[in-house]
Amino acid sequence: MRGGMGGRLRSEVDDQFKLKDLNKKALYILKDNIKSEKKELIYAVLLTLIIAGTHVLLPILTKIAIDDYISTKEFNGLAIVVAGYIALALVQWFASYKQTFLASKIGYTVLYSIRKKLYKHLINLDIDFHNKHQVGDITSVIMNDVEAIYSLISQGFIYLISDAVTLVAIAAALFVLNLRLAVTLLITIPLILYSTKLIGKILRKAQRDVRENIAQLTSGVEQNLSGIKTVKSFSGELNQTSKVSELSEKTRNAQIKAVAISALHFPIMDLAGAIGLALIIWQGGMLLTQNIITLGILMAAVSYVRRIFGPLMDLSQIYTTYQTAGASLDRINSFLDNKQQVKFLAEGEKPEDNYDIAISNLTFGYDQDAIILENVDLDIKQGSHIGIIGKSGSGKSTFIKVLGRQYDPNEGEILIGGVPYQNYSKNEFKKILQILPQDTYLFPLTIWENITYGLKDKALDDVEELISKLELEDFFAKFENGLETKVGEEGKSLSGGQKQAVAIARAMIRDPDILILDEAASNLDSQIEKKIYKYIKTDWAEKTLIIVTHRVTSLDLTDKIYEVRDKGIFEINKDEIELAGWDRVTSEE
Ligand SMILES: Nc1ncnc2c1ncn2[C@@H]1O[C@H](COP(=O)(O)OP(=O)(O)OP(=O)(O)O)[C@@H](O)[C@H]1O
Ligand SMILES: [Mg+2]
């Protein structure tokens, strides 16, 4: 769904992208990443000169063979020229092979280096960045845009030099042989260029239509599959199926149209080449009959016409290569321009002898002009178990996100253990504080692998130990393969409550000093929820627990309750909640 949209916008942008608009900074991406390949790049360019040389020399050997040996019937000399021809052809073959290999190698190495840096950069960006960008767009930049750099380096740069040098060398050789033939050849060049360009343009438009249709089709299929539950529960299958088949049909039509044009591509190129050849034979034939040139020269000229063909076709594509690569570089650059706002220190401080949280004068808004929390003061002593309630949209999750350093406060200070919480290293901070967000994400792994995800020093027995401490053995025994059960994509094969139990275990096995559950137990049945809180109350007495909830029963084991309202956080007592008939807290039992 998301990749699809990204893909559609891309082709539209590429076609309108003006190279002159390319941010100069974007070129540094290339410069930085190509540095290590400098030696090989020089080697590839040197090979270019050798290849161009062979293209010039081979037809000249043909000329020598015809004029000096065949027409004079000196067959010994002919054998030497033929041997020379073969040797030169071997040199050309080897140099071309080596050059193609190097061009690809350099291209792939640069691509690898850019992709690695870009991925590292993007993965380290704030949650805020990831909230604002769709996964498909980010993936597309890492995959497709970086791929475009490959063509830029191999075709757009190395082949460009190779083709240009070959063309100039051939033209120069022809001028030396015969001026009129050279001029005739020069006339055929625009002919070939124009026809390749024209057909290329029409073909690109058709291919763009195909891409757009495929993008829409992918998007349609993906949307339906990711929302399959909703599609089914509203009996939308029929409607959706016909939508997808309509998109499939449109894609097929666009593909057939594109094939009709691309099938013309090579024949038209051949035709242009044949016309070029015909002109040379016509002019050359006349010159030959007038004894102005020899048969050898005519044959050499015919050979040159054939040899300019490949480079010309490459060159006619070059602007498109630059345009596509330019647009891609621009996008990569704009992604690299996003800087991490929330910064962690590499070497942080250690907390003093407690994990008290002291919040003073905290103000935060996702936007400067839409403040969600204002001048909040709050002290949460180590070992306290507190509940946070509040209406939907009041700012509970926002408060938790700021506390978890997903966002930095606009103003104010948060101390944990007497240390400003910005002064911890990332590792230290994650060791101290674990947050379970409202929406749980599970990886398509087994239950225990999900629980120990990212922890090298924890294994199945640690998970079993935790489960038995929580007295949840029965709960997990219900699964077909116990803790070895695979949870499916995004935990699809688990119930809502089961997913939350896995997520809670995942946070608890990390043994944090402060555990925060943001509606993270809301789907668990209250028996299981109670078991977890009971364990926390008795065995985690030293640790701080913060529960954000809409359920009154979840608040049973808490010492203090706060309500988020009017941009502030206020302590209230349990009676108050019930007396006020607080509309969002639902009472069970
Ligand atoms: N990433 C975000 N960017 C901009 N605004 C946001 C973002 N996340 C939340 N908000 C806004 O901040 C306000 C508070 O949202 P928050 O998620 O903190 O509410 P909540 O109290 O947790 O609600 P609920 O009980 O429904 O979970 C809402 O108005 C919401 O629209
Ligand atoms: Mg919330």
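You'll find the structure just up there.
### Some words on the packing of helix α3 (residues 38-70) against helix α4 (residues 75-124)
Step number 1: Remark: α3 packs on α4, axes separated minimally by 8 Å, with the N-to-C direction vectors making an angle of 160°. In terms of orientation, α3 and α4 fall into the roughly antiparallel class. Here α3 and α4 pass one another in a crossing that is left-handed.
Step number 2: Looking at the contact of α3 with α4 residue by residue, the class counts come to 22 nonpolar, nine polar and three charged.

### Quick look at the site of ligand 1
Step number 1: Surrounding ligand 1, one finds 15 residues, the nearest of these being Gly-393, Lys-396, Ser-397, Thr-398 and Gln-438.
Step number 2: Gly-393 is positioned with one of its backbone polar atoms (N or O) 2.8 Å from an oxygen atom of ligand 1.
Step number 3: The backbone of Gly-395 places a nitrogen or oxygen atom 3.0 Å from an oxygen atom of ligand 1.
Step number 4: For ligand 1, the accessible surface in isolation is 630 Å², of which the surrounding protein chains cover 65%.
Step number 5: Looking at the shell around ligand 1, the element that brings in the most residues is helix α11 (residues 396-403), giving four residues.
Step number 6: Taken together, the residues of the shell around ligand 1 sort by class into three nonpolar, nine polar and three charged.

### Here's the deal with the packing of aromatic side chains
Step number 1: Enumeration according to the criterion identifies 17 aromatic pairs in this entry.
Step number 2: Geometrically, the ring pair formed by Tyr-424 and Phe-429 is tilted, given 6.5 Å between the ring centres and 40° between the ring planes. Each of the two residues, Tyr-424 as well as Phe-429, counts as buried.
Step number 3: Taken together, the ring pairs in this structure connect Trp-93, Phe-94, Tyr-97 and Phe-101 into an aromatic cluster.
Step number 4: Directly above the ring of Phe-344 sits Arg-405, whose terminal nitrogen or CZ lies 4.6 Å from the centroid.
Step number 5: Over the ring of Tyr-421 we find Arg-405, and its NZ or CZ is 5.5 Å from the ring centre.

### Observations regarding the nonpolar core
Step number 1: Counting residues in hydrophobic clusters, the biggest one holds 37 residues, and the most contacted among them are Phe-476, Met-508, Leu-515 and Ile-532.
Step number 2: Elements supplying a minimum of two residues to this core: α13 (447-451), α14 (460-469), α15 (473-477), α16 (496-508), β7 (514-518), α17 (526-539) and β8 (544-548).
Step number 3: When residues in this core are grouped by element, the largest group, seven residues, is from α16.
Step number 4: By size, the runner-up hydrophobic cluster in this structure holds 35 residues, among which are Leu-111, Leu-118, Tyr-150 and Leu-152.

### Section: the sheet that holds strand β4 (residues 411-416)
Step number 1: Reading across the sheet, the four strands line up as β2-β1-β4-β5 and stay open at both edges, with antiparallel pairing between neighbours. Strands at the two margins of the open sheet, each flanked by one partner only, are β2 (373-380) and β5 (419-420).

### Observations concerning the sheet that holds strand β10 (residues 568-572)
Step number 1: Strand order in this open sheet of six strands is β6-β7-β8-β3-β9-β10, and the pairing throughout is mixed. With one partner strand each, in any of the chains shown, β6 (433-436) and β10 form the two edges of the open sheet. Strand-to-strand twist across the sheet, computed as the mean angle between neighbouring axes with direction ignored, equals 20°.
Step number 2: The pairing of β6 with β7 spans four bridges and is parallel.

### Comments concerning the coordination of the magnesium ion (ligand 2)
Step number 1: The protein atoms that coordinate the magnesium ion (ligand 2) are Ser-397 (OG) and Gln-438 (OE1), at distances of 1.9 to 2.4 Å. Here Ser-397 is found in helix α11, whereas its partner Gln-438 is found in the loop between β6 and α13, with 41 residues between them in sequence.
Step number 2: Residue classification places Ser-397 among the buried residues on the basis of a relative accessible area of 17%.

### Considering the side chain of Asn-33
Step number 1: Along the chain, the position of Asn-33 falls in helix α2 (residues 24-34).
Step number 2: A distance of 2.4 Å separates the side chain of Asn-33 from the side chain of Ser-113, its partner in a polar contact.
Step number 3: With sequence-adjacent residues up to four places away left out, Asn-33 is seen in contact with Val-110, Ser-113, Ile-114 and Lys-117.

The rules we used
Residues numbered from 1 in each chain as written. Chains lettered and ligands numbered in written order. Predicted model: local features only at pLDDT ≥ 70, side-chain atom pairs only at ≥ 80, totals over all residues. Heavy atoms only, no water. Axes fitted to C-alpha atoms, helices over the stretch in contact; angles between N-to-C directions. Helix = DSSP H or I, 4+ residues; strand = E, 2+ residues; numbered from the N terminus. Parallel < 35°, antiparallel > 145°, perpendicular 65-115°, else oblique. Left-handed = near helix turned anticlockwise from the far one by under 90°. Nonpolar A, V, L, I, M, F, W, Y, C, P; charged D, E, K, R; others polar. Near = heavy atom within 4 Å. Polar contact = N/O pair within 3.5 Å; in protein donor to acceptor, adjacent residues only side chain to side chain. Areas by Shrake-Rupley, 256 points an atom, 1.4 Å probe, with all protein chains shown as cover. Phe/Tyr/Trp six-rings, centres within 6.5 Å; stacked < 30°, edge-to-face > 60°. Buried < 20%, exposed > 50% of the residue type's maximum accessible area, 1.4 Å probe, protein only. Lys NZ or Arg CZ within 6 Å of the ring centre and 35° of its normal. Core = buried A, V, L, I, M, F, W, Y, C linked by side-chain atoms within 4.5 Å. Pairing = 2+ DSSP bridges. Donors = N, O, S within 2.8 Å, 3.2 Å for Na, K, Ca; no water. Contact = heavy atoms within 4.5 Å.

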